[in-house]
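Descriptive structure summary
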Amino acid sequence: MMYGSSPSSALPAIKARRGFFAAHGDVLREGIRDGAPIALGYFVVAFTLGIAARGAGLTASQGFLASLLLNASAGEYAGFALIAAKAAYWEVALVTLIANARYLLMSCALSQRLAPGTALRHRLLLGYDIADELFGISIARPGYLDPFYTYGAILVAAPCWAIGTAVGVTAGSILPLRVVSALGVALFGMFLAVIIPPARKSRVVAGVVAASFAASYGAAKLPLLATLSDGTRTILLTVVIAGLAAALFPISTAKEEPAGHAA
Amino acid sequence: MQHNIYLYLFVMAAVTYAIRVLPLTLIRQQIQNRFVQSFLYYVPYVTLAVMTFPAILGATQIPIAGALALGAGIVLAWCGAGLFSVSAACCAVVFLVELVLCR
């Protein structure tokens, strides 16, 4: 709609472009603004990922390609480990599926935040980078998600993720262990920044987060559950805890904003 | 059997994209079921919380460094610090703690 069907003169074309920015420019800018810290964090985390890629025998450009195509921290780690072990292709596919299955849940959740008429091309593009943090800021938007907000964030975050990986492959081995160890918690810090503010606003979300911490700790120690892979355990706990929370504390169906969504 | 790194990457990318794009393209309607709505609302918080703890304890050379980073991150995020500040503070805490406690 935004390009309209215009007469052949150049003027309407300019007008149309102006119309595009009028409609999406602000949101795009907001996305870039919120995506910038994510991009910095991504760079750092991708750097450590690059060290793993190097261990699996990937070159810098292969690491770059992997991160550009995958946008997945845990999934990439798991994949690199299998590549290093010269695993079969189907094994790589299966492990990637398990390690990234949480994105399936995130995608379901995000589908509910798109306006019903959202075009297929937006759905295909958004699917490119439903990653933990980008999903976090997208879902934190009030009301229906304007895809251009997420595009703005992807625009800065995805290149940093890919470049960070390539730099990690190249330069990872020269960093002292201390620094690598410190950088290793960058991702977790970002997770906290996504889940804690809503927990402050809603006591139920706070309880859900606390219960998730406790259950996750328990599951990592319990004999049977501890043998599952991290990815499988994450899915299992997510389904159980979110299911319980939904049964005990259903959100009000009065559309728009469920309590706790950050503005 | 000869393994090709690009084929590996292609397999990983195809699986990952399918996971992400299928729900977005197949679920076109607003889900009316209140339970499902609530479930999807809680999913991100649970998933991210589960991924954070106790994994953060194992991400550092000594668990106490991860634990202190977790505490610092929660307090800062609670007080309204942004994504990058929280993340950077966690890294700084780990660096300092390990500087003191690790030889």
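Calculation criteria
- Residues numbered from 1 in each chain as written.
- Chains lettered and ligands numbered in written order.
- Predicted model: local features only at pLDDT ≥ 70, side-chain atom pairs only at ≥ 80, totals over all residues.
- Helix = DSSP H or I, 4+ residues; strand = E, 2+ residues; numbered from the N terminus.
- Rg over C-alpha atoms; globule rule 2.2 N^0.38 Å.
- Contact = placed C-beta atoms within 7 Å.
- pLDDT = per-residue confidence, 0-100.
- Domains from an automatic or database assignment.
- Core = buried A, V, L, I, M, F, W, Y, C linked by C-beta atoms within 7 Å.
- Buried ≥ 20, exposed ≤ 12 C-beta atoms within 10 Å, placed from the backbone.
- Expected span 1.5 Å × (residues − 1).
- Axes fitted to C-alpha atoms, helices over the stretch in contact; angles between N-to-C directions.
- Parallel < 35°, antiparallel > 145°, perpendicular 65-115°, else oblique.
- Left-handed = near helix turned anticlockwise from the far one by under 90°.
- Nonpolar A, V, L, I, M, F, W, Y, C, P; charged D, E, K, R; others polar.

**Comments concerning the overall build of chain B**
When its secondary structure is counted, chain B shows 5 helices and 0 strands. Each helix and strand of chain B, ordered N terminal to C terminal, gives the series α-α-α-α-α. Taking 13 Å as the expected radius of gyration for a compact globule of 103 residues, we find that chain B reaches 20 Å, considerably beyond that expectation. Expressed along its principal axes, the backbone C-alpha trace of chain B runs to roughly 50 × 50 × 20 Å. Restricting the contact set of chain B to residue pairs at least 6 apart, pairs at least 24 apart contribute 43%.

**Brief notes about the confidence of the model for chain A**
Residue and element names in this part refer to chain A. Of the residues in chain A, 89% have a pLDDT of 70 or more, and the chain-wide mean is 83. Taking the mean pLDDT of every element in chain A, the minimum, 78, falls on helix α1 (residues 10-55) and the maximum, 94, on helix α10 (residues 203-221). Note that residues 1-13 has pLDDT below 50 and, in this model, 9 contacts with residues that lie over four places away or in other chains. Note that pLDDT drops below 50 for residues 255-263; the model gives that stretch 18 contacts with residues more than four away or on any other chain.

**A few points about the domain arrangement of chain A**
By a widespread convention, an interface's size corresponds to the accessible area lost as its parts come together. When cut into domains, chain A gives domain 1 (10-183) and domain 2 (202-263). Distance from the C-alpha centre of domain 1 of chain A to the C-alpha centre of domain 2 of chain A: 24 Å.

**A look at the interface of chain A and chain B**
Listed per partner, the contact involves 84 residues of chain A and 65 residues of chain B. It is helix α4 (residues 89-111) of chain A that contributes the most residues to the side of chain A that touches chain B, 17 residues altogether.

**Remarks on the confidence of the model for chain B**
All names here are of chain B. Taken over all residues, the pLDDT of chain B has a mean of 89, while the share at 70 or more is 98%. Element-level pLDDT for chain B is lowest in helix α2 (residues 34-52), with a mean of 86, against a maximum mean of 96 in helix α4 (residues 63-78). Scoring the predicted complex yields pTM 0.72 and, for the interface, ipTM 0.85.

**So, the nonpolar core**
A:A157, A:V185, A:I195, B:Y42, B:V46 and B:C90 are the most contacted members of the largest nonpolar core, which totals 121 residues. No other element matches helix α7 (residues 147-171) of chain A, which puts 14 residues into this core. Structurally, this core is a two-domain feature, drawing no fewer than three residues from each of domain 1 (10-183) and domain 2 (202-263) of chain A. Sequence-distant contacts of A:A157, that is, excluding residues within four places in its chain, are made with A:G35, A:I38, A:A39, A:Y42 and A:L134.

**Observations concerning unusual backbone geometry**
Of the consecutive residues B:F53 and B:P54, the connecting peptide bond is found in the cis state with omega at 5 degrees. As for its placement among the helices and strands, B:P54 is situated in the loop between α2 and α3 (55-58). Despite not being glycine, A:N71 has its phi angle at roughly 50 degrees, a positive value.

**Observations regarding α7(A)**
Because the α-helix completes a turn every 3.6 residues, residues three or four places apart line up on one side. The terminal C-alpha atoms of α7(A) lie 35 Å apart, and with 25 residues this matches the ideal 36 Å at 1.5 Å per residue to within 8%. Burial runs high along α7(A): 20 of the 25 residues are buried.

**Quick word on the packing of helix α9 (residues 186-201) of chain A against α4(B)**
Packed helices, taken two at a time, are described by the angle between their axes plus the distance between the axes. Across the interface, α9(A) lies against α4(B) with an axial gap of 8 Å and an inter-helix angle of 45 degrees. Here α9(A) lies oblique to α4(B), going by the angle between them. When you trace α9(A) past α4(B), the crossing you get is right-handed. Contacts between α9(A) and α4(B) pair A:F188, A:G189, A:L192, A:A193, A:I196, A:P197 and A:R200 from the former with B:G73, B:I74, B:A77 and B:W78 from the latter. The class makeup of the residues in the contact of α9(A) with α4(B) is 8 nonpolar, 2 polar and 1 charged.

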